[in-house]
Amino acid sequence: MTAVTIPGLDQAPTTHKRLLAWVREVAELTAPDQVVWVDGSEEEWTRLTDRLVAAGTFTRLDKKPNSFYAASDPNDVARVEERTFICSVDEADSGPTNNWMAPDEMKAIMTELYRGSMRGRTMYVIPFCMGPLDAEKPMLGVEITDSEYVVVSMRIMTRMGAQALARFTDADGNERDFVPALHSLGAPLAPGQSDVPWPCSDTKYIVHFPEERLIWSYGSGYGGNALLGKKCYSLRIASVIGRDEGWLAEHMLILKLISPENKVYYIAAAFPSACGKTNLAMLEPTIPGWKVETLGDDIAWMRFGEDGRLYAVNPENGFFGVAPGTNWKTNPNAMRTIDKGNSLFTNVALTDDGDIWWEGMENPPAHATSWKGEDWTPESDELSSHANSRYCTPMAQCPVLAPEWDDPQGVPISAIFFGGRRATTIPLVSESFDWQHGTFMGATLSSEKTAAATGNLGEVRRDPMAMLPFIGYHAGDYFRHWIETGKRADADKLPKIFYVNWFRRGDDGRFLWPGFGENSRVLKWAIERLEGKAAAHESPIGWVPTAADLDLSGLDADPADIDAALAVDLDEWRAELPLIEAWFDKIGDKLPTSLRDELAALKQRLAG
Ligand code: GTP
Ligand code: MN
Ligand code: MN
C-alpha cells in the first residue's frame, strides 16, 4: 500500500520519528484537505486571524489592538464534565469521581468518530511546551487540531511553535517524549458545503488515557475542552505524572506577596472554577505598603527543591479568565492586561463601536450585540454575556507580573490556601493544625456550582483541592499522594495550609466580606501567622482570627458583618459532618485512614 498524500504532510520541520509517525497516522484517519505545521510566528497569527474574520468566527475589535471577539455555538460554552473520561487500563485507577470506559472500547468508538472528521478542513500540528522552555526536562506536547480558533488561542496560552519544537531533541540529539493531544471539532465539510462561524458536534468526548499520557478530544471548540495543554495535560495527565514522579499538579494560582519590609512570600491557592483564583492572583492590596505580583492564575506544578521546600511553576503562558465581574475596581490588573490588546474574547457582548462589554464592567453601552448575536440594551431581560464568557490574554502583558514568572526553578511556596464558594458554615479564614489536617481541609473542600461547567448552579458539592473535575486518577489515591507529600519534608519547610471563604452571606443574601483587594488583609494575617506575629484562637476547625487579630484599618464595612464572616458556628459545622462522611464513603476503601482519623477528631472536637 502506498502512503496517502496530503498537502503539507511531508513538509514537517522536524525529523522526530514518533511525532512524524503519529501525525501521519492521524492525518490518514481524519482525512484533512491539508496539513499545516504551526510555527507560532507573527505572520501565521495574522494569516489565521484574518481567516477567522473572513469565516465570521472573529470580529476584529476597533478599540483594542490586535484583538478579536468570538461567539460560540450556544451549546458549546463550558467544560463538559459528564463527557470527560479517564480511561485507565484498570477501572479502579479512575475512581468514583471520574467517568471511565475501557481504553480499547473508547478508542474503537472515537476512531470511528475521527474517521474523516477533518474532511474539508486544515489539520494543524501545534508543538507546545507547558512551563518554561529552558526547563531541564521541558514538558512537551503536540496538539493536532482542525480549529484555527484553537491554534491562535494556544499561541496565547502556551509556549508553542518553532520555539517549542526546538526542544523536541535534547543536547545529545536524542528525541524527547511528548504528550500527543488530538482534537477535532467533529464537523467535516462536504465539497462545496459552507462553514458555520463556530463548528462543533453534538457528540462530545474529552478523553484521557493516563498510562499512555494521551489525550483525545472530540466535538467541542471551547476552552478547557479544546485547548488541550490546559486542563487535559497540565492537570489531568500531569496529576498522574506527578503521582508517579513525586510531585503535585494542582488547580492553583501562584502569587508573590511583598511586605512593607520588602520580605517576599509566595502563596498558592486552590479555589474551584469561577471562585476567585484569577482575581486573587492579580490583587491590588488595600493595605498600605503591601504589594502583590502575579505568577499564575489557574495551574501550579509543585516539586520539592534541594532545600526541601516546595517550589511552584505555572505551566501556562496566558490567562483564560472569567469575564463577567471583571472591572477596574475588582481586577484592575486584568483590565490593564487586556487593554494592551493581543487578546481574544469569547461569549461576551460586542459594542457598536467595536469594543467588548460584559456584566459588571463599568459604563454599560446604550446598545450592543449579545453573545447570542441579539440586540442588547441595559433594559434587556437577558444577559449580554454568557456567565462563563472568557478573555484570553498573554501573561507577559500583565503589569504586575513577577519577574521570575518564567524561571524553571519555580518559587518556594510558604502558604497554600483552599477555598470555595459557600453561603454559610465556612468562616472567612482558618489555619490548619498541620499538613495532615490541611490535607483534610482540602479533601473536604466544598463549593456551590458555578457556570464554568454545565449543570445545576448553586448546588453544594465536594470539590477536593478544587480538583474534582481534574484529578486524572482515583481521588483516594490522590489524597494519599497529598498525605505522602507531607511526609517527604520537614514540617517547618512545608507550606502552611489555610481555608478561606470570600463568599459567606448575610440573611439578606449580601456578601459579608467585601472581597477582592480587601482579601489582602487575610493574606497579611496568614503571612504573619507564619512569622509568629499574628494572634489566633484555637477552634474545633482550626486556628481562627477574631476581628481584632486582622488588620482592618480603613476598611469600610459593618463590624457585625466581619464578625459574622469570621464566626465558627458549631451547629452549622455539626450539620456538615454527615455530608463529609457521605463524601468519604463515596471515595471508599482507598481513602487514607489518616483522613478518617481527621474526621473522627473533628467530630470529637465539635461534640466537646
Ligand atoms: P477559573 O478560571 O474558572 O478556574 O476560575 P477562577 O477561580 O479564576 O475565578 P475568578 O477569579 O475569575 O472569579 C470568578 C468570579 O468570582 C467572578 O465573577 C468574580 O467577580 C468573583 N470573585 C472573585 N473574587 C471575589 C471576592 O473576593 N469576593 C466576591 N464576592 N466575588 C469574587
Ligand atoms: Mn480553572
Ligand atoms: Mn481563572
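Residues numbered from 1 in each chain as written. Chains lettered and ligands numbered in written order. Predicted model: local features only at pLDDT ≥ 70, side-chain atom pairs only at ≥ 80, totals over all residues. Heavy atoms only, no water.

By the naming in an unreviewed UniProt entry, the protein goes by Phosphoenolpyruvate carboxykinase [GTP] and is assigned to Actinokineospora fastidiosa. Heading Catalytic activity (unreviewed entry) of the UniProt record for the protein holds this comment: "oxaloacetate + GTP = phosphoenolpyruvate + GDP + CO2". (UniProt positions renumbered as here; feature names shortened; annotations may be inferred.)

Taken together, 21 residues form the shell around ligand 1, and within it Ala-274, Lys-277, Asn-279, Arg-390 and Phe-516 come nearest. One of the backbone N or O atoms of Gly-276 is found 3.0 Å from an oxygen atom in ligand 1. One of the side-chain N or O atoms of Asp-298 is found 3.0 Å from an oxygen atom in ligand 1. The protein chains hide 91% of the 660 Å² of surface that ligand 1 would expose on its own. Counting residues per element, the shell around ligand 1 draws most heavily on helix H8 (residues 277-281), at three residues. (Near = heavy atom within 4 Å. Polar contact = N/O pair within 3.5 Å; in protein donor to acceptor, adjacent residues only side chain to side chain. Areas by Shrake-Rupley, 256 points an atom, 1.4 Å probe, with all protein chains shown as cover. Helix = DSSP H or I, 4+ residues; strand = E, 2+ residues; numbered from the N terminus.)

Glancing now at the UniProt feature "domain: Phosphoenolpyruvate carboxykinase GTP-utilising N-terminal" (unreviewed entry) in the protein. The feature "domain: Phosphoenolpyruvate carboxykinase GTP-utilising N-terminal" (unreviewed entry), as given by UniProt, occupies residues 22-243 in the numbering adopted here. End C-alpha atoms of residues 22-243 are separated by 26 Å, and the span's content is 31% helix alongside 21% strand.

We now examine the sheet that holds strand E17 (residues 318-322). Read from one edge of the open sheet, five strands run E2-E3-E18-E23-E17, paired in mixed fashion. Of all strands in the sheet, those with a lone pairing partner are strand E2 (58-60) and E17, marking the two edges. Between one strand axis and the next, the sheet turns by 20° as a mean value, whatever way the strands run. Where E2 meets strand E3 (residues 68-70), three bridges bridge the pair, whose relative direction is antiparallel. The residue of E3 that forms the bridge with Thr-59 is Tyr-69. Sheet strands in contact with helix H2 (residues 42-55) are E2, E3 and strand E18 (344-346), and its direction is about 110° off that of E2. (Pairing = 2+ DSSP bridges. Axes fitted to C-alpha atoms, helices over the stretch in contact; angles between N-to-C directions. Contact = heavy atoms within 4.5 Å.)

A positive phi angle, near 55°, is found at Ala-31, a position not held by glycine. Within the secondary structure, Ala-31 sits in the loop between helix H1 (17-30) and strand E1 (34-37). On the basis of relative accessible area, Ala-31 is assigned to the buried category, the value being 19%. The residue Ala-466 is not glycine, and still its phi comes out positive at about 60°. In this fold, Ala-466 is placed in the loop between strand E27 (460-462) and helix H11 (475-487). Exposure remark for Ala-466: the relative accessible area of 1% places this residue in the buried category. (Buried < 20%, exposed > 50% of the residue type's maximum accessible area, 1.4 Å probe, protein only.)

The topology assignment puts Glu-538 in strand E29 (residues 537-539). By relative accessible area, Glu-538 is classed as exposed at 53%. When the C-alpha atoms of Glu-538 and Ser-430 are compared, they prove to be 9.5 Å apart, with 108 residues separating the residues in sequence. Discounting chain neighbours no more than four positions away, the residues touching Glu-538 are Phe-433 and Trp-543.

Turning to the packing of helix H14 (residues 570-587) against helix H15 (residues 593-607), a few remarks are in order. Axis separation between H14 and H15 bottoms out at 10 Å; the angle between their running directions is 160°. The angle between the axes of H14 and H15 places the two elements in the roughly antiparallel class. For the pair H14 and H15, the crossing hand works out as left-handed. Counting all contacts with H14, which are made through Leu-570, Trp-573, Arg-574, Leu-577, Ile-580, Glu-581, Phe-584 and Asp-585, the residues of H15 involved are Leu-595, Arg-596, Leu-599, Leu-602, Lys-603 and Leu-606. Of the residues contributing to the contact of H14 with H15, the split by class is nine nonpolar, no polar and five charged. (Parallel < 35°, antiparallel > 145°, perpendicular 65-115°, else oblique. Left-handed = near helix turned anticlockwise from the far one by under 90°. Nonpolar A, V, L, I, M, F, W, Y, C, P; charged D, E, K, R; others polar.)

Moving on: the side chain of Asp-297. With respect to the secondary-structure elements, Asp-297 resides in the loop between strand E14 (291-296) and strand E15 (300-304). Reaching out from Asp-297, the side chain makes a polar contact with the side chain of Thr-278 at a distance of 2.7 Å. Beyond its immediate chain neighbours, meaning those up to four positions away, Asp-297 contacts Leu-253, Lys-277, Thr-278, Ala-281, Glu-316, Gly-318, Phe-319 and Phe-320.

Turning next to the pairing of strand E5 (residues 122-130). Counting buried residues along E5, nine of its nine residues qualify, which places the element largely inside the surrounding structure. Here E5 shows a buried face lined by Thr-122, Tyr-124, Ile-126, Phe-128 and Met-130 and a second buried face lined by Met-123, Val-125, Pro-127 and Cys-129. Direction of pairing for E1 relative to E5: parallel, over a ladder of four bridges. Across the sheet, the residue bridging to Val-36 is Tyr-124, located in E5.

Next up on the list: the environment of Arg-574. Looking at the secondary structure, you find Arg-574 in helix H14. Overall, Arg-574 belongs to the partly exposed group, its relative accessible area being 35%. Sequence separation between Arg-574 and Leu-606 is 32 residues; the distance between their C-alpha atoms is 6.8 Å. Looking at Arg-574, its side chain comes within polar contact range of the main-chain oxygen of Leu-606, at 2.8 Å.

The next subject is H15. Helix length check: H15, at 15 residues, gives a terminal C-alpha distance of 21 Å against a target of 21 Å (1.5 Å per residue), a fit within 8%. Here H15 has its buried residues at Ser-594, Leu-595, Glu-598, Leu-599, Leu-602 and Leu-606. Each buried residue of H15 sits inside an arc of 150° when the element is viewed along its axis, so together they form one side. Every exposed residue of H15 that faces more than 90 degrees away from the buried side is listed here: Thr-593, Gln-604 and Ala-607. Those residues of H15 that are buried lie in contact with helix H10 (435-443), H11 and H14. (Expected span 1.5 Å × (residues − 1). Arc of directions from axis to C-beta.)

One can find Trp-435 in helix H10. The class for Trp-435 is buried, based on a relative accessible area of 10%. Through-space distance from the C-alpha of Trp-435 to that of Leu-552 is 28 Å; in sequence the pair is 117 residues apart. Non-local contacts of Trp-435, meaning those with residues more than four positions away in its chain, are made with Leu-310, Ile-416, Trp-482, Ile-483, Thr-485, Gly-486, Leu-494, Pro-495 and Ile-497. Within the local environment of Trp-435, its side chain forms a polar contact with the backbone oxygen of Trp-482, the two atoms lying 2.8 Å apart.

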